[in-house]
Amino acid sequence: MNNKASSLSESGKDGASGQDSRGATPGSDFPGGMKRAAAKQLIEAYYFQLTDGCGNHSCTNKICASSPSFNLRDKDRNALALKSIELFKKKAQLCENQRNKIARLPVSGDSSPVGATGTSPLTSPRLDIETLPGPSKGGFSSFKPGSVPPEPPSSSKCTGAISRSTPTTPTQPKELPFLNEERLLEILRTCQESNDWSSLIKIIGSVYSSPESLIKSFQIEAEQKLSKEKVSSYDADKDIDDEDLESGEKIHDKVSERKCLHQTTGSDVNVDLNSLRRCYALLMEIPDLPFQNALINALRSLSKTLDMDFRYTKQVENEANYLNIFVIVLEIPLLHSPEFIEVAYPDFCKAMGQLPLKGQVKLVQYWSGFEAEKLKDMVLSLQQMITVKLIDGESRWNQGWSLNNEDAITGPIRVMKILYYASMYGGDKDSKAVLEEERRTVEGESQLQNEFLGASAMGHDFKEPRQIKDDPLGKELDITHADCRHPLVDYEEFVNETLNENISVETDYKFKLESEESPNKFSFANYSFVLNTASKQASLYMDNRIQMFRERRSSIIQTLVHGMPPMPFLRIRVSRERLIDDALVALEMVAMENPSDLRKQLFVEFDGEQGLDEGGVSKEFFQLIVEEIFNIDFGMFTYNSETRQFWFNSMSFENDAQFTLIGIVLGLAIYNSTIVDVHFPSVVYRKLVGKKGTFQDLADVDPYLAKSLREILDYEGDDFEDAFMQTFQISYKDVFGSTITHELKDKGDDIPVTQLNKKELGDNGNGIQLAHCKLAFIPILTCSD
């Protein structure tokens, strides 16, 4: 045996023989010849006895959390940690379950290598300490009971040292602990019979603190079977439905029928969801939830491991089925409880927020198959945690502390983003053919908008419009907010009002600019699904004001360099008697000479009226011009009294340029933060973002027409032609009350609508007018860099 091993063997004899020597042995750091590692392990045993207990509810040890007479329940963990050191110094009573966790060191003064039981301390059977919960990897999992801590490699290479150690047989690698329904039922049966939950506490702490163990747990396996007899052996009093557990049935056969498992391959997520949820239901039935503290500590350890791995080592993401970790943890029913919200759940969300993009995509595809109610519960759990953290730190937010740097807030929002896209991905969205057609349309319109901005601007530098950056997750999934009409979870469920009350728009805008260069910077503007309308408007106002300042600075530079007259603002002079004509002519001149001037701050002057426009005059200008343009007597728009909305008049005598100028007016109103009283159906706003109008949008424009067409499309009777007597010709009245007929197809009046061609009915009206309105509307709001 080498010198160091010999000294360890000699220094541990007093402890093994029961002596209470307080003298310090050379080379030891603690009383009784105890080495530092053993002392640390003993202190940790006291700590877990104070926090988790021994699992025996009839324990008589007053310093054990499982004892009915335990009087330290109101102490926090820091106080209990200090108490554990004090108990170590006093050599206080340690429960047997905790005592078995302590390493047995050899006793000094005993020449026999065999202990009292006839077993060598160095070769005695070891308890798998990896099944114990610990707050970090430096806790219990770092030591092996029944053995001496391993020597550094250099210790065996000392000059002149002769090894006297007895050859030992190589130890087999220990099996990685994991859980499945069968194992858990066996553990629960054993614990219930002995009224001792320590083994359950150990396995939960071990599995949920290790990424490798969680990946291996609750997997769908072809050989996995669970008979009714094994379940009833745990608790004969529990009712087990024959429909849920049939003798000899494979558990995963039912799970495979779930929609979510059809949307992802087995190499991405391989969790037996039904089995996992049954296991959680059984755990929740245990009185007083003795495993809760162990689970909290395990999740904290797991979160730190994942966070470091995703940031630096990036080893976990190379494991097959590593996404099982996040599916299993987010199914825990206790996540919304105060104990988990305090630290464990926020830490886990912080780590999950570092997931690589490919992992986020797979989770979106997996969770998109969940039931809407389950997905909503996950969102509400995150919202609850955000609200609690906001209320707890309310004093800090008032003192200028930035929410953007608070991991307990930003972590859950990053996770909520995955659920947000899962809700859209699994909802009612447009087909791929429609999306492809929309892309081609948008590309053509973008070219027209660029021509509108630069081709007619004679003598001015052309400015490239700022390209809007697509969200990486949405781009990878090929989906946007406008693509989904009916998500699984309503968009309103993702909005947190308490969060919006505490957001500083100025600070967030600064983080938004920084996030364009540094992805690690968090800006709520990049997660706009949590913002309400007021916060979005304030963010848009800030962005527009910054753009106006840039245009003003550019104008001054142009004056200094080229000697041009200074034009830092967009000035319009109009007469109240000729408001529409003056405004449209002035804006048309600006659009032709230099369209980029439309992005300058607007100043309006009325003829014969003196005053400085500080915002009030501009608001009056927009109010007056909108009231006149949308007057039905003006003839450009029609009004539907049933929907109380405006629509484009297909019989208008105005040319397309007039609708372009209306787009300029509406764009200027939004750009200058002015609210105008205009009510359009939702299809108008969908068209502005490049979407195609479909039959579903017709109900917003004309409910009566949509209902009639729906009756035609849904009718399956053989007497279709006799029932409707409809041809491909429609008639309607113009603004003057005259009846107008329009053929939907060439010689449509002679073509009857039948069961075979009824789907060809459609409405192509007003598309050109809306396109010209959009032509001028979008470029104004597309700020240049």
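(A) A look at the nonpolar core. Leu200, Tyr208, Phe326, Met352, Trp367 and Ile413 are the most contacted members of the largest nonpolar core, which has 92 residues in total. Ranked by residues supplied to this core, first place goes to helix α20 (residues 407-425) with 10 residues. Residue contacts for leucine 200: discarding those within four places in its chain leaves Leu184, Ile187, Leu188, Cys191, Leu283, Ile286 and Phe291. Core analysis: the second largest hydrophobic core is formed by 38 residues, Leu584, Leu598, Phe630 and Val684 among them.

(B) Layout of the pattern of salt bridges. Counted according to the given criterion, the structure contains 24 salt bridges. With a closest N to O distance of 2.8 Å, glutamate 605 and arginine 573 form a salt bridge. Here glutamate 605, found in strand β4 (residues 601-606), pairs with arginine 573, found in strand β3 (residues 569-574); they are 32 residues apart in sequence, far enough to count as distant. Overall, glutamate 605 belongs to the partly exposed group, its relative accessible area being 30%. Residues arginine 578 and aspartate 582 are paired through a salt bridge, measuring 3.8 Å at the closest nitrogen-oxygen approach. Residue classification places arginine 578 among the partly exposed residues on the basis of a relative accessible area of 46%.

(C) How the structure looks around the environment of aspartate 582. Looking at the element boundaries, aspartate 582 is found in helix α26 (residues 579-593). According to the relative accessible area criterion, aspartate 582 is buried, its value standing at 18%. What aspartate 582 contacts, discounting residues up to four positions off in sequence, is Arg573, Val574 and Ser575. Here the side chain of aspartate 582 touches serine 575 through a polar contact of 3.0 Å, landing on its backbone nitrogen.

(D) Layout of unusual backbone geometry. You will see that lysine 91, though not glycine, has its phi angle at about 55°, which is positive. You can see lysine 91 is positioned in the loop between α4 (77-90) and α5 (96-99). Judged by relative accessible area, which is 46%, lysine 91 ranks as partly exposed. Of note in the backbone geometry, lysine 314 takes a positive phi value of approximately 55° without being a glycine. Position of lysine 314 among the secondary structure elements: in the loop between α13 (292-313) and α14 (324-329).

Rules used in this analysis
- Residues numbered from 1 in each chain as written.
- Predicted model: local features only at pLDDT ≥ 70, side-chain atom pairs only at ≥ 80, totals over all residues.
- Heavy atoms only, no water.
- Core = buried A, V, L, I, M, F, W, Y, C linked by side-chain atoms within 4.5 Å.
- Buried < 20%, exposed > 50% of the residue type's maximum accessible area, 1.4 Å probe, protein only.
- Helix = DSSP H or I, 4+ residues; strand = E, 2+ residues; numbered from the N terminus.
- Contact = heavy atoms within 4.5 Å.
- Salt bridge = Lys/Arg side-chain N within 4 Å of Asp/Glu carboxyl O.
- Polar contact = N/O pair within 3.5 Å; in protein donor to acceptor, adjacent residues only side chain to side chain.

Bear in mind that shape data such as this cannot, by itself, settle questions of function.
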